[in-house]
Each structure stands twice: as C-alpha cells, then as structure tokens.
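# Summary of structural features
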Amino acid sequence: MPAQSQAARFAAKEALYKALSGGEGLSWQDCEVVPDEAVSAAVRFELRGSVARRASELGVTRVHLSLSHDAGVAVAMVVCEG
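First things first, this report covers the structure right here in the doc. (Residues numbered from 1 in each chain as written. Predicted model: local features only at pLDDT ≥ 70, side-chain atom pairs only at ≥ 80, totals over all residues. Heavy atoms only, no water.)

## Some details on unusual backbone geometry
Worth spelling out the cut-off: Segments assigned H or I by DSSP are reported as helices when at least four residues long, segments assigned E as strands when at least two residues long, and all are numbered from the N terminus. We call a residue buried when its accessible area falls under 20% of the maximum for its residue type, exposed when it is over 50%, and partly exposed in between, using a 1.4 Å probe and counting protein chains only.
Residue Ala-71 is not a glycine yet carries a positive backbone phi of 50 degrees. Topologically, Ala-71 is positioned in the loop between strand E3 (62–70) and strand E4 (73–81). We classify Ala-71 as exposed; its relative accessible area is 74%.

## What about the pattern of salt bridges?
Let me state the cut-off plainly: Salt bridges, as used here, are contacts in which a Lys or Arg side-chain nitrogen is within 4 Å of a carboxyl oxygen on Asp or Glu.
This structure, assessed with the given rule, holds four salt bridges. When the shortest N-O distance is used, the salt bridge between Lys-18 and Glu-14 registers 3.5 Å. Linking Lys-18 with Glu-14, this pair stays in helix H1 (residues 3–19), spanning four residues, or about one helical turn. A residue is classified by how much of its surface remains accessible, and Lys-18, at 59% relative accessible area, is exposed. Salt-bridge contacts for Arg-48 lead to Glu-46; the nearest nitrogen and oxygen are separated by 3.2 Å. Take Arg-48: its relative accessible area is 32%, and that puts it in the partly exposed class.

## Here's the deal with the packing of aromatic side chains
What counts here: The rule is short: rings of Phe, Tyr and Trp, with Trp giving its six-membered ring, pair when the centres are within 6.5 Å, and they are stacked under 30 degrees, edge-to-face over 60, tilted in between.
Counted by the stated rule, this structure contains one aromatic pair. Summarising the aromatic geometry, the rings of Phe-10 and Trp-28 are spaced 5.4 Å apart at their centres and angled 20 degrees between planes, so their arrangement reads as stacked. Here Phe-10 is found in helix H1, whereas its partner Trp-28 is found in the loop between H1 and strand E1 (31–35), with 18 residues between them in sequence.

Now the structure itself:
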C-alpha cells in the first residue's frame, strides 16, 4: 500500500478517536479502515472491541468516513451519527 494511503488511514483512526471523544482504553487495533463493498473505491470503518464499545456507549449507530491525500498531505473526516 502506498505511503500516502497509509497516512490517510492513520488520519482516519485519529479522526475517529476524536469523534468518539477520546477516552482511556481505546485500542488502535480495534478499528480498521476496510474497502466498502457497497460503493466502488470507498472505504469504511470496521469497529470491534474497545472502539465498538465506546461507540455503543455514545449511541453511535453509523460512522461516515472520508479520506483524501494529495501533495504530501493526508486528511480524514469522520462523522458519528446516532
């Protein structure tokens, strides 16, 4: 995977952490950016363990994710709905 794609995925995890109000005990390994089978070239989060529990505690029912990278800059935007 190209470095710019890895940077965007790291930015996505950081944005998700912030969207979930941070919190102790969240593990980076409990969220993964994976291809969205429903939409070509799109990605989505797969939540499990500590991150899934935190999302549930906050009443999150859906997580929206947008990634972009260009000219050496990677950005991610996360919106938690629920």
